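Report on the structure
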Amino acid sequence: MATDTTRIVAVDTYDIRFPTSRELDGSDAMNPDPDYSAAYLVLRTSADGPEGHGFTFTIGRGNDVQVAAIQALREHVVGRSVAEVCADPASLHRDLVGDSQLRWLGPEKGVMHMAIGAVVNAVWDLAAKREGKPLWRLLADAEPEWLLSQVDFRYIADALSPDEALHLLRRGKEGSADRAAELLRRGYPAYTTSPGWLGYSDEKLTRLAHEAVADGFRQIKLKVGADLADDIRRCRVARAAIGPDIRMAIDANQRWNVAEAISWTNALAEFDPYWIEEPTSPDDVLGHATVRERVAPIRVATGEHVQNRIIFKQLLQAGAIDVLQLDAARVGGVNENLAILLLAAKYGVPVCPHAGGVGLCELVQHLSMFDYVALSGTTEDRVIEFVDHLHQHFVDPVVIDDGHYRAPTAPGFSAAMHRASIDTYRYPQGDFWVADLAQQQNTEVPA
Ligand SMILES: [Mg+2]
């Protein structure tokens, strides 16, 4: 057989923004006017085969900065052998994280790290397409030794040794075929944040909460943290709508100091919140531990803004969280998320991923499904966030069926967007934004 000489020849980048702030979709106590955006990239190759698609999520201004960060990584990517990088995505992950000059901008945190995550995820998308498998299946079918080789144990080996990780991965293989069949039959449990955005009226909250229960969801989530009297009223409205048996999580989006997090959460305890999410700064490991101690039995959850595996390690070591909310596009891609899933498995903390935004549901479902089939082996007390926004822009959108994510079967990481969506929502040259800008200029002209 001839050697596969296919190479990556280009990293095309796109600044894609959706005008979601106009409907108050996605509004919370810290982010009142998000325009959900994707810093999106396509890995083009020298052959007629599949391309790799990846992105990271931002909420508007700054998406251009995020795109520039992805472009700064080009030289590590262009020219690489597709066969080699797909056989060992960790080799690229190491090079990107290890760029000694760009590393100064982190290390392993913030805009540069999110850019690394987008590029690494695009390689995993390409690898899964070449294998003809959805990413969750590629990971679940992989040998434990190979998965282990994809994990960077630097800075986490004090909490999780490679030997322990290998043991967890081998244990995860036991019964995995049965779980894969069950996953394909039933899907993976979801919860919905759609009813609970801060900008919605009580009527809209009630209507959407009723719909959520009717649609088979067993958990909803409410945004809190702007005004306590409002939160008491909204929690009462939501609890009345869903009844006592549906779980109701609350999410403060980092609004509080530690003392305020404790008093505010306890003031909502009568409505039986299942977890309090992001009560304070995502960097405050010991603060979370204090909150957890003082709001029990209400669980503490965080992770969507946790910048890397090292902070997750400390949250687990400190006993600071009950629920770990990894995000597919915040950290350094699939490789780092494998490390985070392994840490969670070691500490026995359920992973309930953050999703929503643009395409985060599409991505993160693959990680949870792998975790169920071939690592933790359970969906008990595990749910993936679901927000019903913007899925129509994706070629392989998530499908929710009776409160469950249906397992994707198309090859890849479900990351590709429709060409028409890209052309319409590219900022500022896409059709939507050109028309919008022209309209704004017209209304600004004095009569
Ligand atoms: Mg949240």
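Values in this document were obtained by computation on a predicted structure and should not be read as measured data. (Residues numbered from 1 in each chain as written. Predicted model: local features only at pLDDT ≥ 70, side-chain atom pairs only at ≥ 80, totals over all residues.)

So, about the overall build of the protein. In terms of helices and strands, the protein carries 18 helices and twelve strands. Taken over the C-alpha trace, the protein has a radius of gyration of 21 Å; the compact-globule value for 447 residues is 22 Å, and the two agree within 12%. Going through the 447 residues of the protein one by one, you find that 51% of them count as buried. Of the contacts made within the protein by residues no fewer than 6 positions apart, 75% connect residues no fewer than 24 positions apart. (Helix = DSSP H or I, 4+ residues; strand = E, 2+ residues; numbered from the N terminus. Rg over C-alpha atoms; globule rule 2.2 N^0.38 Å. Buried ≥ 20, exposed ≤ 12 C-beta atoms within 10 Å, placed from the backbone. Contact = placed C-beta atoms within 7 Å.)

Position of Q439 among the secondary structure elements: in helix 18 (residues 431-444). Under the C-beta neighbour-count criterion, Q439 is labelled exposed, with 10 such atoms within 10 Å. Note: C-alpha distance between Q439 and H53 (386 residues apart in sequence) is 33 Å.

Looking now at the sheet that holds strand 3 (residues 52-58). The three strands lie next to each other as 1-2-3, forming an open sheet whose pairing is antiparallel. The open sheet has two edge strands, strand 1 (8-17) and strand 3, and neither has a second partner. Neighbour to neighbour, the strand axes of the sheet diverge by 15 degrees on average, direction disregarded. Across nine bridges, the pairing between strand 1 and strand 2 (residues 37-45) is antiparallel. Looking at the pairing, T13 lines up with L41 of strand 2. In the packing of helix 5 (residues 110-131) onto the sheet, contacts are made with strand 2 and strand 3, and the angle to strand 3 comes to roughly 150 degrees. (Pairing = 2+ DSSP bridges. Axes fitted to C-alpha atoms, helices over the stretch in contact; angles between N-to-C directions.)

Turning to the domain arrangement of the protein, a few remarks are in order. Once the domains are mapped, the protein shows domain 1 (8-134) and domain 2 (176-420). Of the residues lining the interface, 41 residues belong to domain 1; the matching set on domain 2 comes to 40 residues. Contributing elements (two or more residues each) for the side of domain 1 that touches domain 2: strand 2, strand 3, helix 4 (89-98) and helix 5. The element that contributes the greatest number of residues to the side of domain 1 that touches domain 2 is helix 5, accounting for 13 residues. By residue class, the composition of the side of domain 1 that touches domain 2 is 19 nonpolar, 14 polar and eight charged. (Domains from an automatic or database assignment. Nonpolar A, V, L, I, M, F, W, Y, C, P; charged D, E, K, R; others polar.)

By size, the foremost hydrophobic cluster in this structure holds 141 residues, and its most contacted members are L41, A118, V119, V123 and L342. If you tally residues by element for this core, the top one is helix 5, at 13 residues. Of the domains in this structure, domain 1 (8-134) and domain 2 (176-420) are the two that each give at least three residues to this core. Setting aside anything within four residues of it in sequence, one finds V123 in contact with L43, G52, V85, C86, P89 and L92. (Core = buried A, V, L, I, M, F, W, Y, C linked by C-beta atoms within 7 Å.)

What follows concerns the pairing of strand 7 (residues 273-277). Counting buried positions along strand 7 yields five of five residues, so the element is predominantly enclosed. Where strand 6 (residues 247-251) and strand 7 come together, three bridges link them in parallel fashion. Looking at strand 7, one finds that I250 is bridged to I276. Crossover strand 6 to strand 7 through helix 12 (residues 258-267) is right-handed. Sheet topology places strand 7 next to strand 8 (residues 299-302); three bridges connect them, and they run parallel. Among the inter-strand pairings, W275 is bridged to a residue of strand 8, identified as R299. For the handedness criterion, the β-α-β arrangement of strand 7, helix 13 (residues 285-295) and strand 8 is classed as right-handed. (Right-handed = clockwise from strand over helix to strand, strands pointing away.)

The amide bond that connects G106 to the next residue, P107, takes the cis arrangement and shows omega of -5 degrees. Secondary-structure assignment places P107 in the loop between helix 4 and helix 5. Notably, N253 is not glycine yet its phi reads approximately 50 degrees, a positive angle. Its place among the elements puts N253 in the loop between strand 6 and helix 12. In this structure, D272 is a non-glycine residue whose phi angle is positive, near 55 degrees. Here D272 shows up in the loop between helix 12 and strand 7.

All right, on to helix 1 (residues 63-71) then. Of the residues making up helix 1, those classed as buried are N63, Q66, V67, A69 and I70. In a view along the axis of helix 1, the buried residues occupy a sector of 155 degrees, so they form one face of it. Its buried side turned inward, helix 1 meets strand 1, strand 2, strand 3 and helix 5. (Arc of directions from axis to C-beta.)

Moving on: the packing of helix 10 (residues 202-214) against helix 11 (residues 228-242). Relative to each other, helix 10 and helix 11 sit at 35 degrees, their axes nearing to 9 Å. Regarding helix 10 and helix 11, the two cross each other, and that crossing is right-handed. Here D202, L205, T206, A209, H210 and V213 of helix 10 lie close against helix 11, whose contacting residues are R234, V237, A238, A241 and I242. (Left-handed = near helix turned anticlockwise from the far one by under 90°.)

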